[in-house]
Amino acid sequence: LSENSTERGHADGQPVVILLGWAGCQDKYLTKYSAIYSQKGCTVIRYTASWRMIFFSETFGIRSLQTPARRLLELLFDYSVENRPVLFHVFSNGGVMLYRYIIEALHTHKPFKNLKVAGTIFDSAPGRRNLRGGLRALATVLVSTNVLLKYFLLFAFATTAVVLRILLYPLTRFIHESHYDALLKAPSRWPELYLYSQADAIIKASEVKHMADARQQLGVSVKAVDFSDSAHVSHMRAYPTYYGNLCTTFLSDCVGGSPR
């Protein structure tokens, strides 16, 4: 499994935290989030899917993220930590697209059905099909790319997104439902924490709030925190202590309660 990194916890029975990075995220950025949990003795697995998979495969309806999703769950058995509670910490739509297939695997693949999921934290996610936000996110990933290639890729993404995921979505959703719609009715019932901001230029705060409200109506224990003025996936950078406390309190509440 490429682009994966693991920090082993030092205490038996301590939770396993799986960090799912945003598109274009470097492992060094996720390491800062790892520290929140590794300091508590947790085992931390970090994984960021390729931006090509996130922006192109998923937009074309190719389920290329299914394989890394299953492989991540298999890692729990490889490291013999499958009996420990698991927390997912998911960043932006890039992490959400992968998480969507993890939930699918947890509920359809027999070996994974006994895993004890304690809860999920969403940072700057999830958002609906948002062409402007998607283009901004892709432009950020391609910042150091050749200018001609950059604009070609942006044009290709925009065209595909408009045709397949917006104009034809009433038809294509039967073949490949959007990650947002899939999460709205996901079968998981463990607690969820949403960390978002009105100042996010990529994911609309109203869409995160809509998801949180819809999940709550299904009986999921939900907490949503609006950071008001911090940018996309920058809440921890703006409010490090507050952010860390929210994550560790949520984890201990989840592990203390009934996980699944």
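Residues numbered from 1 in each chain as written. Predicted model: local features only at pLDDT ≥ 70, side-chain atom pairs only at ≥ 80, totals over all residues. Heavy atoms only, no water.

**Re the overall build of the chain**
1) Next: Summing up its helical and strand segments, the chain has eleven helices and seven strands in all.
2) Next: For the chain, buried positions account for 54% of its 260 residues.
3) Next: For the chain, the proportion of contacts with a sequence separation of at least 24, taken over those separated by at least 6, is 81%.
4) Next: Approximately 11800 Å² of the chain is accessible, and the part contributed by carbon and sulfur atoms is 56%. (Helix = DSSP H or I, 4+ residues; strand = E, 2+ residues; numbered from the N terminus. Buried < 20%, exposed > 50% of the residue type's maximum accessible area, 1.4 Å probe, protein only. Contact = heavy atoms within 4.5 Å. Areas by Shrake-Rupley, 256 points an atom, 1.4 Å probe, with all protein chains shown as cover.)

**Here's the deal with the pattern of salt bridges**
1) Next: On inspection of all chains with the given rule, the structure shows six salt bridges.
2) Next: Close ionic contact of Arg71 with Asp78 constitutes a salt bridge, the shortest N to O distance being 3.1 Å.
3) Next: The exposure class assigned to Arg71 is partly exposed, which follows from its relative accessible area of 28%.
4) Next: Asp78 sits in the partly exposed class, given a relative accessible area of 47%. (Salt bridge = Lys/Arg side-chain N within 4 Å of Asp/Glu carboxyl O.)

**A look at the nonpolar core**
1) Next: Formed by 46 residues in total, the largest nonpolar core has its most connected members in Leu73, Leu76, Phe88, Tyr99 and Leu106.
2) Next: If you tally residues by element for this core, the top one is helix α4 (residues 92–108), at nine residues.
3) Next: Counting residues in each nonpolar core, the second largest holds 26 residues, with Leu19, Tyr243, Leu246 and Phe250 among its members. (Core = buried A, V, L, I, M, F, W, Y, C linked by side-chain atoms within 4.5 Å.)

**Focus: the packing of helix α3 (residues 66–78) against α4**
1) Next: Remark: α3 packs on α4, axes separated minimally by 8 Å, with the N-to-C direction vectors making an angle of 60°. Of the possible angle classes, the one that applies to α3 and α4 is oblique. For the crossing formed where α3 meets α4, the hand is right-handed. Note on element contacts: α4 touches α3 through Leu98, Tyr101, Ile102, Glu104, Ala105 and Leu106, opposite Gln66, Pro68, Ala69, Arg70, Leu72 and Leu73.
2) Next: Looking at the contact of α3 with α4, its residues break down into nine nonpolar, one polar and two charged. (Axes fitted to C-alpha atoms, helices over the stretch in contact; angles between N-to-C directions. Parallel < 35°, antiparallel > 145°, perpendicular 65-115°, else oblique. Left-handed = near helix turned anticlockwise from the far one by under 90°. Nonpolar A, V, L, I, M, F, W, Y, C, P; charged D, E, K, R; others polar.)

**A short note on empty space enclosed by the protein**
1) Next: This structure, assessed with the given rule, holds one cavity of 30 Å³ or more.
2) Next: There is about 40 Å³ of room inside the largest cavity.
3) Next: Along its surface, the largest cavity is lined by Tyr99, Ile103, Phe122, Leu183, Ala186, Ser188, Glu192, Tyr194, Met211 and Arg215.
4) Next: The set of elements that each furnish at least two residues to the lining of the largest cavity consists of α4, β6 (192–196) and α9 (205–217).
5) Next: For the lining of the largest cavity, the residue count by class is seven nonpolar, one polar and two charged. (1 Å grid on protein atoms, 1.4 Å probe; cavity = no way out; pocket = protein on both sides within 12 Å on 5 of 7 lines; lining within 4 Å. Points joined across faces, edges and corners; volume = space filled by probe spheres on them.)

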